[in-house]
Amino acid sequence: MDWPIAEVARMSGVTARTLRHYDEIGLLPPARIGANGHRYYEEHQLLRLQQILVLRALGVGLPEVGRILTDQVDEVEALRGHHLRLLAERDRLDALAGTVSRTITELEQSRKDGNPMTINRPENLFEGIQPSQYQESLRDFPGHAEEVARRVGGMTPQDIEAGQRERTTQMILLADLMAAGHPADAAPVQAQIDAQYQAMTELRPVSAEEYRAVGRSCVDNSAWRSAYEAIAPGLAAYQRDAIEAYATTRLS
C-alpha cells in the first residue's frame, strides 16, 4: 500500500512543501513518482519520516539527521535510541516546567508581600535549561546565531546565567499578561515585545520580516515551542501573534 504526498502531509502534520524538500536533499525520497508527477510513499518511507520528525523534535539539524539515518543499520535499534533520547527530553522538560512553576510561585509571593524576590539558590532558575540548546534553536537565523555565538564566546558564566535569567523572566511576564486576558496587540504586551526587539537589535539590525520569522519560529521551532509551552499552554502562539502585531504597527 502507498499513500500520496497530500495524505502523508495530512497524517504527519508536515507540509507537502517540506516533504518535497526532504526529497530534494535526499533525506526522504518517495517510494515512487506517479505518471501524474505526484510522490507516493510506502510504509518504509513513513517509518523513516517518523525518525526524521523525532530527531527534529530533539533539536537535531537536517544535515545531522541525514548522517544518523545513513549510519544506522537496524531500524528497531535506531528507534530504541530515539526512544531513550525522547525520555531524556521528557525529563528535561519536566525539570524545566518545575523550574518555571517555582519561579512563578516565588514571584507571586513577592508581589503579595511587596518585597523583591529573593533567590536562595539561583541555579534552580536554570534547571532543565541548556544554553547550547538555545543556540541550536537559532539555526534558522544563521546571521543572528553567529553573532550570539560570538558574544557568548566572550562572556563569563555569570553573564550567561544573567542572560538566561532575563529570558526566563521575559517569558514569565508575557505569560502573566496572557493569563490576565490582554490581547496580543495590547499596549502592555507590545511593551514587552519592544523590549525583546531592542535586545535583539543590540546584537545586529533585525528587519520587520526577520522579526516576523522569529515570531513564527516560536511555534514552528520545536525547541522554542517546548520552552514556551512549558511555561503556559498557548504562550508560543501568543508570542508569535504579539510579534506579528509589533512588526506590523512599528516596523512596517
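Draft legend 1. Region of the structure containing the overall build of the protein chain. If you tally the helices and strands in the protein chain, you get 12 helices and 3 strands. The proportion of buried residues among the 252 residues of the protein chain is 37%. Long-range contacts, defined as pairs at least 24 residues apart, comprise 63% of the intrachain contacts of the protein chain with a sequence gap of at least 6.

Draft legend 2. Representation of the sheet that holds strand E1 (residues 3–4) in the model. Taken in spatial order, the 3 strands line up as E1-E3-E2 in an open sheet, and their pairing is antiparallel. Because the sheet does not close on itself, it has two edges, and the strands there are E1 and strand E2 (32–33).

Draft legend 3. Focus on the packing of aromatic side chains. Counted by the stated rule, this structure contains 3 aromatic pairs. Where Tyr-197 meets Tyr-246, the ring centres are 5.5 Å apart and the plane angle is 50°; that geometry is what we call tilted. Of this pair, Tyr-197 sits in helix H9 (residues 187–201) while Tyr-246 sits in helix H12 (residues 235–251), placing them 49 residues apart in sequence. Comparing Tyr-197 with Tyr-246, the two get one shared label, buried.

Draft legend 4. Quick peek at the nonpolar core. Of all hydrophobic cores here, the largest spans 24 residues; its most connected members are Val-189, Ile-193, Tyr-211, Leu-235 and Tyr-238. Only helix H8 (157–179), H9, helix H10 (208–220), helix H11 (222–231) and H12 provide two or more residues apiece to this core. A total of 6 residues in this core trace back to one element, the largest contributor, which is H12. Beyond its immediate chain neighbours, meaning those up to four positions away, Tyr-211 contacts Ile-193, Gln-196, Tyr-197, Met-200, Val-206, Ile-243, Tyr-246 and Leu-251.

Draft legend 5. Representation of the pattern of salt bridges in the model. Tallied over the full model, the rule gives 9 salt bridges. In this structure, Asp-2 engages Arg-32 in a salt bridge whose closest nitrogen and oxygen atoms are separated by 2.8 Å. With a gap of 30 residues between them, Asp-2 in the segment before E1 and Arg-32 in strand E2 connect regions that are remote in the sequence. Its relative accessible area of 39% is what places Arg-32 among the partly exposed residues. Between Arg-240 and Asp-241 there is a salt bridge; the shortest N-O distance is 3.0 Å. In this structure Asp-241 comes out as partly exposed when scored by relative accessible area, which is 36%. Residues joined in a network through salt bridges with shared partners are Glu-209, Arg-212, Arg-216 and Glu-244.

Draft legend 6. Here's a closer look at the packing of helix H1 (residues 5–12) against helix H3 (residues 43–57). In the contact formed by H1 and H3, the axes pass within 12 Å of each other and the chain directions differ by 40°. Judged by the inter-axis angle, H1 sits oblique to H3. The hand of the H1/H3 crossing is right-handed. Taking contact as the criterion, the partners of Val-8, Met-11 and Ser-12 in H1 are, on H3, Leu-46, Leu-49 and Leu-53.

Draft legend 7. Focus on the confidence of the model for the protein chain. Per-chain confidence: the protein chain averages 78 in pLDDT, with 73% of residues scoring 70 or above. Per-residue pLDDT stays below 50 along residues 117–136; that stretch engages in 41 contacts with residues further than four places along the chain or on separate chains.

Draft legend 8. Structural detail: the environment of Thr-15. Structurally, the position occupied by Thr-15 is in the loop between H1 and helix H2 (16–24). Note on Thr-15: relative accessible area 45%, which makes it partly exposed. The spacing of Thr-15 and Ile-5 is 10 residues in sequence and 9.1 Å in space, taken between C-alpha atoms. Among the polar contacts made by the side chain of Thr-15, one reaches the side chain of Thr-18 at a distance of 2.9 Å.

Definitions and cut-offs
- Residues numbered from 1 in each chain as written.
- Predicted model: local features only at pLDDT ≥ 70, side-chain atom pairs only at ≥ 80, totals over all residues.
- Heavy atoms only, no water.
- Helix = DSSP H or I, 4+ residues; strand = E, 2+ residues; numbered from the N terminus.
- Buried < 20%, exposed > 50% of the residue type's maximum accessible area, 1.4 Å probe, protein only.
- Contact = heavy atoms within 4.5 Å.
- Pairing = 2+ DSSP bridges.
- Phe/Tyr/Trp six-rings, centres within 6.5 Å; stacked < 30°, edge-to-face > 60°.
- Core = buried A, V, L, I, M, F, W, Y, C linked by side-chain atoms within 4.5 Å.
- Salt bridge = Lys/Arg side-chain N within 4 Å of Asp/Glu carboxyl O.
- Axes fitted to C-alpha atoms, helices over the stretch in contact; angles between N-to-C directions.
- Parallel < 35°, antiparallel > 145°, perpendicular 65-115°, else oblique.
- Left-handed = near helix turned anticlockwise from the far one by under 90°.
- pLDDT = per-residue confidence, 0-100.
- Polar contact = N/O pair within 3.5 Å; in protein donor to acceptor, adjacent residues only side chain to side chain.

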